[in-house]
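Structural overview
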Amino acid sequence: MEQLKNQTLLASVLIDGKGQQVFNPFDNSLLGTVAMSCQAKIEQDVLDLEIGQKAWQKKPAAERCRFLKKWHQLILENEDDLAMLITLECGKPLKEALGEVRYGASFIEWFAEEGRRAYGSTIPSATNDRTLLTVKQAVGVAAAITPWNFPLAMITRKGAPALAAGCSFICKPSELTPLTAFAVTELAYQAGIPKDVLRMVVGESAHDVGEVFTYHSSVRKFSFTGSTLVGRKLQMQCASTIKRTSMELGGNAPFIVFDDADIDHAVKGAIASKFRNAGQTCVCANRFYVQDAVYDEFIDKLVAEVDKLKVGNGLDESTDIGPVITKEAKKRLLDLIEEAKGRGAKQVNKDVQLEGQFVAPTVLVDVEHDRPIVQGEIFGPILPIIRFEHEDEMIAMANDTIYGLAAYFYSQDMNRIWRVAHNLEYGMVGVNEGVISTEVAPFGGVKQSGNGKEGAKEGLEEYLETKYVCIGGLER
Ligand code: NAP
């Protein structure tokens with residue numbers, strides 16, 4: 001960790017002894033070791049946060065706003081170090097990591113302001129002796145579990161609205177990427193956010209932490225970002241204490257190119273959407289559908305661009321695609337390619353085998369709709385393409401999945417744009433855009449991609465209760 005300019009970032013968390021070891025996916029070198037908490041310690045954290053929340057909630061929203069703005073500023077002042085940490089532990093190219101830091105910070109600034117606008121309402125009463133109103137109050141202690149693919153932004157996208165609303169916040173990052181999580185928490189403390197209001201924990205196992213977060217009755221809100229498989233289980237655990245939940249789960253985004261699309265623009269969008277973080281994001285385009293008339297043109301232009309992408313160490317400025325997160329992830333991806341090829345799919349770009357944890361970008365055509373590569377979440381730099389003729393048949397294939405997170409399509413026809421956007425069963429639709437996430441718009445899925453929204457005004461509501469107050473016995 002000697003690369004960091006600000007040595008205070010991890011000074012209090014790196015230990016020499018036994019703990020959670022963190023490795024660099026580029027070369028599997030050991031980056032550092034962080035302490036792990038047992039269940040009893042995490043239960044104590046929750047109780048501390050329950051006390052801390054009461055005082056935090058009493059602070060005027062404007063004061064919480066000032067703490068959050070200071071945190072935002074410190075993150076930007078330390079953006080190079082944070083980006084370096086993201087690249088080291090998650091592998092994504094440095095330029096993308098810097099983008100994540102700024103994206104992650106933008107939620108803190110946004111919710112610092114939104115917290116000041118947590119308006120209630122007055123309700124016209126049917127009788128003159130009563131006044132009816134609603135007030136917004138913090139839910140209480142909020143707990144979260146986040147994945148490795150956005151080691152910083154998934155934390156701030158949950159933590160910032162929680163703190164702005166007046167909740168306290170405890171979070172478990174992925175054991176693969178805790179360094180960024182602890183560094184960003186240290187900056188929150190430096191900004192003055194109290195330690196009994198914000199905590200980051202790594203447990204002896206994810207399962208142990210999940211149990212405390214979901215079963216503990218003092219945790220009133222649970223927010224999860226990760227796979228549908230794990231989310232389903234955690235949501236069931238939350239039922240035992242009727243917790244409020246937000247579930248940001250897996251996706252299987254279709255990317256559709258209609259025959260009236262601007263093909264150059266669609267190719268650009270496809271590259272941006274598919275290969276971000278080596279294809280390891282929940283909103284990455286997963287499967288591509290291209291209409292007959294533009295099929296050959298799209299593939300020719302796409303392959304020309306894909307073969308220019310450089311795979312390598314994320315710290316190298318020219319790298320477009322870094323390593324995938326683990327050896328197991330690489331094996332799963334190579335198996336998916338083999339399975340599709342075994343059923344007639346053909347690779348149309350350069351076929352390159354890479355050593356280490358790298359997977360070369362792979363464009364496959366003649367893929368069958370029912371193959372695992374189309375039906376499941378790929379989470380890697382593989383781009384399967386299916387040809388289609390009619391819009392109706394296309395919409396049916398796009399919706400034929402348990403997922404409903406993001407979908408993309410390219411068309412220049414205004415009627416088609418409205419129609420298709422309406423008919424896609426997804427929480428987010430990008431029209432002539434391959435990258436659509438922003439702090440000002442609601443991010444979230446439908447179907448088994450989850451529930452709840454992050455970002456935008458909706459993101460704050462996830463951490464607020466609406467209390468109805470009826471004042472009776474009045475004279476008017
Ligand atoms: P994952 O296996 O579900 O893990 C996500 C988080 O859950 C990690 O912190 C993990 O801990 C923890 N976890 C795993 N098993 C657990 C259990 N039994 N109890 C409690 N916690 C448990 O998913 P992943 O492979 O890390 O992340 C990729 C997935 O996240 C993809 O499906 C992707 O689509 C989804 N994702 C969704 C969004 C969204 O906004 N919708 C955004 C990003 C990613 P450890 O890592 O420490 O084991």
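Just so it is clear, the model here is predicted, and its values are computed rather than measured.

Bringing the packing of helix α9 (residues 263-275) against helix α10 (residues 295-306) into the picture now. Two elements in contact, α9 and α10, have axes separated by 10 Å at closest approach and are oriented at 50°. Accordingly, the angle class assigned to the pair α9 and α10 is oblique. Along this stretch, α9 crosses α10, giving a crossing that reads as right-handed. Contacts from I263, D264, A266, V267, A270, I271 and F275 of α9 reach α10 at E297, F298, K301, L302, E305 and V306. Per-class residue counts for the contact of α9 with α10 are 9 nonpolar, no polar and 4 charged.

Turning next to the side chain of T241. Here T241 is to be found in the loop between α8 (228-239) and β9 (244-248). Within the local environment of T241, its side chain forms a polar contact with the side chain of K243, the two groups lying 2.8 Å apart. In contact with T241, other than residues within four places in its own chain, are T214, Y215, S217 and R220.

Glancing now at the site of the ligand. Close to the ligand lie 30 residues, the nearest being T146, S174, S227, L249 and E377. Contact distances for the ligand include 2.9 Å between an oxygen atom and a side-chain N or O atom of K172. At a separation of 3.4 Å, a nitrogen atom of the ligand approaches a polar side-chain atom of K233. Protein chains shield 86% of the accessible area of the ligand, which is 900 Å² for the free molecule. In a pocket analysis with a 2 Å cut-off to the grid points, the ligand is assigned to the largest pocket. For the shell around the ligand, the secondary structure elements donating two or more residues are α5 (153-165), α7 (206-215), β8 (219-225) and α8. Shared between two domains, the shell around the ligand takes at least three residues from each, and those domains are domain 1 (20-249 + 449-469) and domain 2 (253-431).

Definitions and cut-offs
Residues numbered from 1 in each chain as written. Predicted model: local features only at pLDDT ≥ 70, side-chain atom pairs only at ≥ 80, totals over all residues. Heavy atoms only, no water. Axes fitted to C-alpha atoms, helices over the stretch in contact; angles between N-to-C directions. Helix = DSSP H or I, 4+ residues; strand = E, 2+ residues; numbered from the N terminus. Parallel < 35°, antiparallel > 145°, perpendicular 65-115°, else oblique. Left-handed = near helix turned anticlockwise from the far one by under 90°. Contact = heavy atoms within 4.5 Å. Nonpolar A, V, L, I, M, F, W, Y, C, P; charged D, E, K, R; others polar. Polar contact = N/O pair within 3.5 Å; in protein donor to acceptor, adjacent residues only side chain to side chain. Near = heavy atom within 4 Å. Areas by Shrake-Rupley, 256 points an atom, 1.4 Å probe, with all protein chains shown as cover. 1 Å grid on protein atoms, 1.4 Å probe; cavity = no way out; pocket = protein on both sides within 12 Å on 5 of 7 lines; lining within 4 Å. Sits in = over half its atoms within 2 Å of the grid points. Domains from an automatic or database assignment.

So far we have only geometry, and geometry alone does not tell us how the molecule works.
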